[in-house]
Each structure stands twice: as C-alpha cells, then as structure tokens.
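# Coordinates in review
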Amino acid sequence: MPSPSTQVPMPDGPAPLPVTRQTAGATGGAGHVQGDRRPPAGLRRLLSRLVRNYVHGMKRHERYLMDPVHGRSLPLRLAARRWPAGSGPRSMTAPRAFSFQGIERVLPDSRGWHHQPWGQDWIGQLHRFDDLNATDAEQRRDWHRALVLNWAVSNGPGRGPGWEAPSLAPRIVNWIKWDLRSGGLSSETTRRSLVVQIRYLRHFFSRQWRDGSRPDIAKALIFAGSYFADSRESRAWLRKGLRALNTLEPTALSTEDLRDLALLSLVYPDLHPPHGHR
C-alpha cells in the first residue's frame, strides 16, 4: 500500500464524471442521444398528435361548411315582392370580359379568379359580382348564370381572394338581390355555395371585429337571415347582423346601404328589419 507521500499516476485525459441524474439528462435521457437536434421522442409524439387533431378538426369544419343540411341548400323565405332593377354602372362587357378601373380583361378559365398579376383591387372587384345588379342586367342574364356557376365550382371555401371580407360580403348581398329579382340562383350548386359563403363570413369574420362592427358584414348577415326561411341558423345570422348594425354610427352606412335595407323591409315585411339605420 503506497504511503501518503507517494503520488499515484493518473491516467491520460480528464477523469470520468460520476453518473448522476444531471449528467444522464445531459445525454438526452432515454431515447435521446447527445447532439441529436430533434425534440425528445415524447415531445415528438405530442406534437404529432396535436397536428393530427388540428387537421382532422379543420376537415370536419370544412365538411360542415360544404354540406348544408344533409347535402341540400336551406329553404328560402317567401318574398312579398321582387327586388327592383338595378341602376349601377355596368362592368361586364362580354360573357367573360370585365372592365374595372378603366382596365378591361378577359377571364380565361377558372384559374383567372386568382390571377395575382391583375392586382388585388381589380381581382377584388371581380369577385364582388356588382354587375348582377347593374343597369340592363337582365340583358346579360345568361352570362351571369354561367359566371355565378363557374365561381361556385372554382372557388372552394377559404381559398383565394374571393373569400376575403371586402369581396365576400358584397357578393352575398349581390347574389341575394339578383335572385330576388330574376331567380338567378336556380341551381342547387349555387345556392349551396351561397350558404357556405354566409357560414364562412359568420364564423371567420364577424368574430374578428376589433374597432367596431363593419357595415358590409352586418348588411350581408341581415340579408342572409332574411332571405333564408326561418331556422336556428338564419335567426342567428339575422340577430348577429341587426346587433352589429345597431352599434354603427349613422354615417357608417352609405346611401346604397340605407336604400337596400329599406327595400329589404318591403320584400320581407313580416321580419320588420330597420328602415335604414336607427
């Protein structure tokens, strides 16, 4: 046995550290090797489960949007009178040609609805469908029918600029006014599309009001709740729209908005919607 003064030679290199709970954690613990940049296996499984649940939830919500009442559109409320002819400026110059901001372009196919080089403002006006209620719109009825059906088939829920509120809300109103005047929404596809659009507006935009209600969304929900027959869903749309309307300043509504709401009260007198803004 060496004496206390005898120096015992040490092996080359640093002395090994004792294996403790802290040093075991430095190697990543069970199933995780030091230097592996991936999250631990348990965290990866948790993240995978969260993503899977989120994707499944979105698919369920899209099925809800796309499948109104067992695959059929909602029934309509009986109108007391037709919507009068429009008097706005004409923007459709040929079956697939449009003029906005002094620029005329032709919609080549369904991909044209999302053609970004045309500019956000021009595309936004295209998706509004103002020409449905413009001057001499009845002369372009066949053009309009084909265009509305093409939009319904080519624009899935939430995909593209047509689902942004500045285009979505006016389009809902324009489609309803057009159908009340000429029965343009005669196909099941277009009526189902209208229901989908209203549901999308209600669920994704009316909850995003921060600085007060938006008059275009309030007006669209009032039109929707009046146009479709009495049901839990249509009552919710009408109630939401009226509540939002009553929070607006009188100057928030345009002359056209006031006129349209007054006409709506004549089309559906039993609902007693506001004659303009109160």
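These figures come from a predicted structure and were not determined experimentally.

Here we come to the confidence of the model for the chain. Confidence in the prediction of the chain, expressed as mean pLDDT, is 82, and 73% of residues score 70 or more. Overall, residues 21-29 carries pLDDT values under 50, and its contacts beyond four positions in sequence, including any with other chains, amount to six contacts. Within the model, the stretch residues 273-278 combines pLDDT values under 50 with 18 contacts to residues more than four positions away or in other chains.

This part is about the nonpolar core. Ranked by internal contacts, the top residues of the largest apolar core, which has 52 residues, are Leu-194 and Leu-201. Elements represented by at least two residues in this core include exactly strand 2 (97-100), helix 3 (120-126), helix 4 (141-154), helix 5 (165-182), helix 6 (188-204), helix 7 (215-227), helix 8 (232-245) and helix 9 (255-267). Top contributing element to this core by residue count: helix 5, with nine residues. Those residues in contact with Leu-194 that lie beyond four places of it in its chain are Ile-172, Trp-175, Ile-176, Leu-185, Tyr-227 and Phe-228.

On to a nonpolar patch on the surface, then. Together, Leu-43, Leu-46, Leu-47 and Leu-50 make up a nonpolar patch on the protein surface, roughly 340 Å² of accessible area in all. When you line up the elements, Leu-46 lands in helix 2 (residues 41-66).

We now examine a positive patch on the surface. Together, Arg-44, Arg-45, Arg-49 and Arg-52 line one region of the surface with positive charge. Tracing the backbone shows Arg-45 in helix 2.

Right, let's get into the pairing of strand 3 (residues 103-106). Sheet faces and side chains relate simply in a regular strand, where the side chains alternate between the two faces. Of the pairings in the sheet, the one linking strand 2 to strand 3 comprises four bridges and is antiparallel in character. Residue Phe-100 lies in a different strand from strand 3, and its bridge partner there is Ile-103. Hairpin connection between strand 2 and strand 3: a loop of two residues separates the two successive antiparallel strands, and Gln-101 in this loop has a positive phi of roughly 55°.

Further remarks concern the packing of aromatic side chains. Applying the stated criterion to the full structure yields twelve aromatic pairs. Both rings, one in Phe-129 and one in Trp-175, keep their centres 5.7 Å apart while their planes meet at 90°; by these two values the pair is edge-to-face. Residue Phe-129 is located in the loop between helix 3 and helix 4, and its partner Trp-175 is located in helix 5; the two are separated by 46 residues in the primary sequence. Each member of the pair, Phe-129 as well as Trp-175, carries the same accessibility label: buried. What links up through ring pairs into an aromatic cluster is the set Trp-113, Phe-129, Trp-151, Trp-163, Trp-175, Tyr-200 and Phe-204.

This paragraph deals with helix 5. Since there are 3.6 residues in each turn of an α-helix, residues three or four apart along the chain are aligned in direction. Taking 1.5 Å per residue, 18 residues should reach 26 Å; helix 5 reaches 25 Å between its end C-alpha atoms and fits that length. Following helix 5 by one or two positions, Gly-183 adopts a phi angle in the positive range, close to 65°.

What follows deals with the layout of surface pockets. Taken as a whole, the largest pocket encloses approximately 600 Å³ of empty space. Lining the largest pocket are 29 residues, with Arg-128, Asp-130, Asn-174, Lys-177 and Glu-256 sitting closest to its centre. When contributions to the lining of the largest pocket are tallied by element, the ones reaching two or more residues are strand 2, helix 5, helix 7 and helix 9. Looking at the lining of the largest pocket, its residues break down into ten nonpolar, eight polar and eleven charged.

Moving on, we get to helix 9. The end-to-end C-alpha distance of helix 9 is 19 Å, a good match for the 18 Å that 13 residues give at a rise of 1.5 Å each. Considered for burial, the residues of helix 9 that qualify are Asp-257, Asp-260, Leu-261, Leu-263, Leu-264, Ser-265 and Val-267. Considering only its buried residues, helix 9 is in contact with helix 5, helix 7 and helix 8.

Parameters at a glance
- Residues numbered from 1 in each chain as written.
- Predicted model: local features only at pLDDT ≥ 70, side-chain atom pairs only at ≥ 80, totals over all residues.
- Heavy atoms only, no water.
- pLDDT = per-residue confidence, 0-100.
- Contact = heavy atoms within 4.5 Å.
- Core = buried A, V, L, I, M, F, W, Y, C linked by side-chain atoms within 4.5 Å.
- Buried < 20%, exposed > 50% of the residue type's maximum accessible area, 1.4 Å probe, protein only.
- Helix = DSSP H or I, 4+ residues; strand = E, 2+ residues; numbered from the N terminus.
- Patch = residues over 30% accessible without salt bridge, like charges linked within 9 Å, V, L, I, M, F, W, Y side chains within 5 Å.
- Areas by Shrake-Rupley, 256 points an atom, 1.4 Å probe, with all protein chains shown as cover.
- Salt bridge = Lys/Arg side-chain N within 4 Å of Asp/Glu carboxyl O.
- Lys, Arg positive; Asp, Glu negative; His and termini not counted.
- Charge placed at Lys NZ, Arg CZ, Asp CG, Glu CD.
- Pairing = 2+ DSSP bridges.
- Phe/Tyr/Trp six-rings, centres within 6.5 Å; stacked < 30°, edge-to-face > 60°.
- Expected span 1.5 Å × (residues − 1).
- 1 Å grid on protein atoms, 1.4 Å probe; cavity = no way out; pocket = protein on both sides within 12 Å on 5 of 7 lines; lining within 4 Å.
- Points joined across faces, edges and corners; volume = space filled by probe spheres on them.
- Nonpolar A, V, L, I, M, F, W, Y, C, P; charged D, E, K, R; others polar.

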